[in-house]
Amino acid sequence: MRCAVISQFGAEVERLEIRERPELAATGEWIRVRVSAAALNRADLLQRRGLYPAPPGAPADVPGLEFVGRIDQIGERVTEWKGGERVFGVVPGGAYADQVVTHQRLAVSVPERLSDVEAAAVPEAFLAAHDALVTQGGLRPGDLVLVHSVAGGVGSAALQLVHLWGARAVGTAGSAEKLERMGRIAPFRAVNYREEGFQAVVEKEFGPHALDLVLDTVGAAYWRQHLALLRAGGTLILFGLMSGASAETPLATVLTKRLRIIGTVFRSRPLEEKISATRAFAHDVLPHFDSGRLRPVVDSVFPFDRVHEATLRMEKNENTGKIVLSFS
């Protein structure tokens, strides 16, 4: 099989090398998928630098968290698939390859309306956003939700799910162009963080303690602001640490406002928890792609042999939506 291998951990994209490796084999309850497209995630950049190691059982030197393709081999105990079906899903690593092996219950049928490129932009973004907002955060109609990086994969998915659930969103991004494009996909109060502060906007337009839910992908830099803006009984979902992993916490605020602070990550969860999240995503989210109420946000498509260019685009934060690698 052909895959992108991290030759040595470090910052340079050239450390990703396309190599040939032996074909994978599906046994037991596992299936092998011939990958047609895969999408990039910021976790891939961290893994290349040696800052986000793959969990046990996942390839340590092949990044990639989501895929779309057709099942071309099934294990002897597989009951849910016959082979040949078009599926997509999330894996703990190894999706920068034209083959992946995954558990049969972690694969999901691709909505007919989606092309392979569109489908590649769905699994990680929408599964993670649904799990964080709905399963973990208890999103309800009418809630006011703060979503950072709305032009990214998870952010663009979260924005659409907030709207689908009948809630309201305040969303941040660093350019008017990104905010304008996302505004055509779902309504929200756009905040260009280079021009205005999100805390001042929320306080002025919604009130000093107005947020029901924060999807926090930033971490340290905004920690105190998030806690201050949440209403009594509000929820903060800590989903990422882009600005750092350590912050002082005003415990009196957490105590008196009865805040819920939930940390969540998908990659290192036990198999049964991953299956449960995948099934919830398939039930709650997937039908809305066929109806057109949800849509993947594809920024650009690169042939697999141009993985360096694709990676640099993400590293420069130039993308609006998902960057997809095509194996066709």
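Please read all numbers here as calculations on a predicted model, not as lab measurements. (Residues numbered from 1 in each chain as written. Predicted model: local features only at pLDDT ≥ 70, side-chain atom pairs only at ≥ 80, totals over all residues. Heavy atoms only, no water.)

A. Representation of the nonpolar core within the structure. Counting residues in hydrophobic clusters, the biggest one holds 53 residues, and the most contacted among them are Phe88, Phe126, Leu133, Leu139 and Leu161. Residues contacting Leu161, with those up to four places away along its chain left out, are Phe126, Ala129, His130, Leu133, Leu139, Val285 and Leu294. Residues Val5, Ile31, Val78 and Val100 belong to the second largest nonpolar core, which totals 32 residues. (Core = buried A, V, L, I, M, F, W, Y, C linked by side-chain atoms within 4.5 Å. Buried < 20%, exposed > 50% of the residue type's maximum accessible area, 1.4 Å probe, protein only. Contact = heavy atoms within 4.5 Å.)

B. Spatial organisation of the packing of helix H3 (residues 123-136) against helix H9 (residues 271-284). Contact geometry for H3 and H9: axes closest at 9 Å, N-to-C directions at 100°. Relative to H9, the element H3 is oriented roughly perpendicular. Contact with H3, carried on its side by Phe126, Leu127, His130 and Asp131, involves Ala277, Thr278, Ala280, Phe281 and Asp284 of H9 and no other residues of that element. Residues belonging to the contact of H3 with H9 are distributed by class as follows: five nonpolar, two polar and two charged. (Axes fitted to C-alpha atoms, helices over the stretch in contact; angles between N-to-C directions. Helix = DSSP H or I, 4+ residues; strand = E, 2+ residues; numbered from the N terminus. Parallel < 35°, antiparallel > 145°, perpendicular 65-115°, else oblique. Nonpolar A, V, L, I, M, F, W, Y, C, P; charged D, E, K, R; others polar.)

C. Expanded view of the pattern of salt bridges. Under the criterion given, the structure shown has 23 salt bridges. Salt-bridge contacts for Arg32 lead to Asp72; the nearest nitrogen and oxygen are separated by 2.9 Å. Here Arg32, found in strand S3 (residues 30-39), pairs with Asp72, found in strand S4 (residues 66-74); they are 40 residues apart in sequence, far enough to count as distant. The class for Asp72 is partly exposed, based on a relative accessible area of 33%. A single network of salt bridges, built from pairs that share partners, joins Glu23, Arg32, Arg34 and Asp72. (Salt bridge = Lys/Arg side-chain N within 4 Å of Asp/Glu carboxyl O.)

D. Structural context of H9. Here H9 spans 20 Å end to end across 14 residues, near enough to the 20 Å set by a 1.5 Å rise per residue. Buried within H9 are the following residues: Lys274, Ile275, Ala277, Thr278 and Phe281. Viewed end-on, H9 has its buried residues packed into an arc of 165°, placing them on one side of the element. The inward-facing, buried residues of H9 contact strand S5 (86-90), strand S6 (99-103), strand S7 (107-109) and H3. (Expected span 1.5 Å × (residues − 1). Arc of directions from axis to C-beta.)

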